[in-house]
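Residue-level structure breakdown
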Amino acid sequence: MSDWMASDPIIIQKGRGAYLYDINGQKYLDANSSIWTNLHGHAHPVINRAIRQQLSKISHSSALGLANEPASILAGELVPLANAQSRFNAQPELARLFYSDDGSTAMEVALKLAYEYTRRLGKAKKPRFLGLNGAYHGDTIGAVSLGHIDLFHKNYSGLLFESDSVMAPYCYRCPFNQAKPERADARTYRKCKWECVGQVEKAFATAKKSGNSYAGVVVEPLMQGAAGMVPQPTGWLKDVSAIARQYDALLIADEVMTGFGRVALRDAAGKPSYFASHAEGIIPDLMAVAKGMTGGYLPMAATFATQPIFDLFLGRYDEFKTFFHGHSFTANQLGSAAACASIDILKSPQTFHRRARLEQAMKEGLEELWLLPQVGDIRQSGCVAGIELVADWRQRTSIPLAAKAGIRVCTALAEAGVLTRPIGNVIVLMPPFCTKPDEIKKAIMLIAKAIRQVFSS
Ligand code: PMP
């Protein structure tokens, strides 16, 4: 914050497509999609029109005891999307959804539903949850309790409830990976025996033995975002889901970053897909979405649940079984109208083509970065990539956070007209789907230039 107070910030005035413009007319590529929210670019005529049309009717009315048109239409769009085009074997159906405002609240809702569902079934008095090392699920207290990033969470430990964590599959820095570093994504050359899956199995078995089984396991499917864009090797999610179900625990998917087509192009059967879980043929029991839901235009979120979870909150009035949770702006009409428009665009064949084209262009462009000795790992899933900077790639030696390597590279990059935000020493690349191949390749060249510039000084 002291650095921010001493700086002269870039003040954004407008956005057009994949670009942002500041008050001095300087143009920047929005290379982290405005903190992972924007899908189709800024000021998209279809989304703008939908918001304007809704604005002429009503902006907001309460959803407590009232329904409204756009939120109802949106729910009708979202439910089939959440369940994938392909019917996967032995997977539940996400039949219901609950609206809220952002990723953190969507995770709070998932947590409270899972907790109360487990209690009402009489499975535990105080249900416990298992998460992953490096997990981030938001900044509200329940979401922080499920998170496992010490830098963000440790100071608040006195406010939190306890949740357990187990190793995440971070192939590049995995203690079980016997492979020497290569100039390639660590997932492709790793040498291991899937010990990461074994650790999850062990955590479940130990909890069961102690008579205190887990009510649920919480995961960011395919890629952990705030951990530093840490992707899971193919098969991990499928195996972990099978373990959770074998132990009768709920699978709680946080698709706040990964959802709406960001990290997975196709589902396990090869059909166009919008959620990361589908890539491994998985439908979770609870799923939180936000960020890209409105195309990144307005704050809105949803938590999907199965019918059996929903049903446990039904009863006679005097049983007071209702889910006592609601926000003032739940099911906001402007957000719903934006989300309906964004989903229409997302489902079009043209957007599928754009996503495929962007994914390929990123892959080709990122190859160039292996030439830089300061690059230790480049990990891409779909249209998201993390570039990890290191002191010595042969030893995987980390750069101390205090050296601000990521921040300095991103500052140099901003001067060259590309905006993104690092996570420690990881440079994040997550452009809107409308970014053209030559634009993303140019941005990657500028990343290389910024890395050279920072490390030569
Ligand atoms: N879950 C994940 C995986 C996230 O990446 C984030 C935000 N970065 C959140 C939850 C919290 O979302 P929000 O900032 O909208 O509260």
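The following paragraphs examine the structure supplied in this document. None of these values were measured; they are calculated from a predicted model.

Thoughts on the pattern of salt bridges
- Tallied over the full model, the rule gives 13 salt bridges.
- Across the pair Arg119 and Glu116 runs a salt bridge, and its minimum N-O distance is 2.9 Å. Of this pair, Arg119 and Glu116 both sit in helix 5 (residues 103-120), three residues apart, which is roughly one turn of the helix.
- Judged by relative accessible area, which is 39%, Arg119 ranks as partly exposed.

Comments concerning unusual backbone geometry
- Of note, the phi angle at Ser33 is positive, near 50°, even though the residue is not glycine.
- With respect to the secondary-structure elements, Ser33 resides in helix 2 (residues 33-36).
- With a phi angle near 25°, Lys291 is a residue other than glycine that sits in the positive phi range.
- Mapped onto the elements, Lys291 comes out in the loop between strand 11 (286-289) and strand 12 (301-305).

Some details on helix 10 (residues 236-246)
- Buried residues of helix 10: Trp236, Leu237, Val240, Ser241, Ile243 and Ala244, and no others. Angular distribution of buried residues about the axis of helix 10 spans 160°; they occupy a single face of the element.
- Buried residues along helix 10 sit against strand 5 (128-132), helix 9 (195-209), strand 7 (214-219) and strand 10 (250-254).
- Once helix 10 finishes, Asp248 follows within two positions and takes phi at roughly 60°, a positive value.

Quick word on the environment of Pro272
- Here Pro272 lies in the loop between strand 10 and strand 11.
- Not counting residues up to four positions away in its chain, the partners in contact with Pro272 are Gln85, Leu265, Arg266 and Phe352.

Quick notes on the sheet that holds strand 4 (residues 96-100)
- Across the sheet, which stays open at both edges, the seven strands sit in the order 4-12-11-10-7-5-6 with mixed pairing between neighbours. Single-partner strands in this sheet number two, and they are strand 4 and strand 6 (164-166). Strand after strand, the sheet turns through a mean of 20° between neighbouring axes, direction not considered.
- Contacting strand 4, strand 11 and strand 12, helix 4 (residues 69-82) runs over the sheet at an angle of about 125° to strand 4.
- Sheet strands in contact with helix 10 are strand 5, strand 7 and strand 10, and its direction is about 165° off that of strand 7.

A short note on the side chain of Arg379
- Structurally, the position occupied by Arg379 is in strand 13 (residues 375-381).
- Residue classification places Arg379 among the buried positions, given a relative accessible area of 1%.
- Polar side-chain contacts of Arg379 include one of 3.5 Å to the side chain of Tyr170.
- In terms of polar contacts, Arg379 uses its side chain to reach the side chain of Glu388, at 2.9 Å.

Let's talk about the packing of helix 3 (residues 45-57) against helix 12 (residues 333-347)
- The interhelical angle for the contact between helix 3 and helix 12, taken along N-to-C directions, is 150°, at an axis separation of 8 Å. In terms of axis orientation, helix 3 runs roughly antiparallel to helix 12. Relative to helix 12, the crossing made by helix 3 is right-handed. Across from Val46, Ile47, Ala50, Ile51, Gln54 and Leu55 in helix 3, the residues of helix 12 making contact are Gln333, Leu334, Ala337, Ala338, Ala341, Ser342 and Ile345.
- Here the residues of the contact of helix 3 with helix 12 sort into ten nonpolar, three polar and no charged.

Concerning the site of the ligand
- Close to the ligand lie Trp36, Asp102, Gly103, Ser104, Tyr136, His137, Gly138, Glu220, Asp254, Val256, Met257 and Lys291.
- Measuring from a nitrogen atom of the ligand, one finds a side-chain N or O atom of Asp254 at 2.6 Å.
- In the complex, the protein chains occlude 83% of the 390 Å² of accessible area that the ligand would expose alone.
- Here the shell around the ligand is built from residues that sort into four nonpolar, four polar and four charged.

Points about the nonpolar core
- Phe260, Met293 and Leu369 are the most contacted members of the largest nonpolar core, which totals 64 residues.
- Looking at which element gives the most residues to this core, the answer is helix 15 (residues 437-456), with nine residues.
- Grouped together as the second largest cluster of nonpolar side chains are 36 residues, Val197, Met229, Val263 and Ile282 included.

Some words on helix 5
- Over its 18 residues, helix 5 runs 26 Å from end to end, which matches the ideal 26 Å to within 8%, given 1.5 Å per residue.
- Most of helix 5 is tucked away, with 14 of its 18 residues classed as buried.
- Where helix 5 begins, the side chain of Asp102 points an oxygen toward the backbone nitrogen of Ser104, at a separation of 3.1 Å.
- With its phi angle positive at about 75°, Gly122 sits one or two positions after the end of helix 5.

Observations regarding the packing of aromatic side chains
- One pass over the full model with this rule turns up seven aromatic pairs.
- For the ring pair Tyr317 and Phe320, a centre distance of 5.4 Å and an interplane angle of 70° mean the geometry is edge-to-face.
- The partly exposed category is assigned to Phe320, whose relative accessible area is 47%.
- One aromatic cluster is present, built from ring pairs that chain together Phe98, Phe313 and Phe323.
- Here Arg96 stacks its cationic end above the ring of Phe310, 4.0 Å away from the centre of that ring.
- Above the plane of the ring of Trp393 lies Arg183, whose end atom (NZ or CZ) is 4.2 Å from the centre.

Let's talk about the environment of Gln333
- If you trace the backbone, Gln333 turns up in helix 12.
- Judged by its relative accessible area of 2%, Gln333 is buried.
- As a C-alpha pair, Gln333 and Ser72 span 261 residues in sequence and 9.7 Å in three-dimensional space.
- Apart from the residues lying within four places of it in its own chain, the contact partners of Gln333 are Gln54, Ile58, Ser59, His60, Ser61, Asn68 and Pro70.

Concerning the sheet that holds strand 15 (residues 418-419)
- Spatial strand order, 1-2-3-15: four strands in an open sheet with mixed pairing. Either end of the sheet is taken by a strand with one partner, and the two such strands are strand 1 (12-16) and strand 15.
- Examined bridge by bridge, strand 2 (residues 19-22) and strand 3 (residues 27-30) share three bridges and lie antiparallel to one another. Bridging across to strand 3, Tyr19 finds its partner in Leu29.
- This element, helix 15, spans strand 2, strand 3 and strand 15 of the sheet and lies at about 100° to strand 3.

What counts as what
- Residues numbered from 1 in each chain as written.
- Predicted model: local features only at pLDDT ≥ 70, side-chain atom pairs only at ≥ 80, totals over all residues.
- Heavy atoms only, no water.
- Salt bridge = Lys/Arg side-chain N within 4 Å of Asp/Glu carboxyl O.
- Helix = DSSP H or I, 4+ residues; strand = E, 2+ residues; numbered from the N terminus.
- Buried < 20%, exposed > 50% of the residue type's maximum accessible area, 1.4 Å probe, protein only.
- Arc of directions from axis to C-beta.
- Contact = heavy atoms within 4.5 Å.
- Pairing = 2+ DSSP bridges.
- Axes fitted to C-alpha atoms, helices over the stretch in contact; angles between N-to-C directions.
- Polar contact = N/O pair within 3.5 Å; in protein donor to acceptor, adjacent residues only side chain to side chain.
- Parallel < 35°, antiparallel > 145°, perpendicular 65-115°, else oblique.
- Left-handed = near helix turned anticlockwise from the far one by under 90°.
- Nonpolar A, V, L, I, M, F, W, Y, C, P; charged D, E, K, R; others polar.
- Near = heavy atom within 4 Å.
- Areas by Shrake-Rupley, 256 points an atom, 1.4 Å probe, with all protein chains shown as cover.
- Core = buried A, V, L, I, M, F, W, Y, C linked by side-chain atoms within 4.5 Å.
- Expected span 1.5 Å × (residues − 1).
- Phe/Tyr/Trp six-rings, centres within 6.5 Å; stacked < 30°, edge-to-face > 60°.
- Lys NZ or Arg CZ within 6 Å of the ring centre and 35° of its normal.

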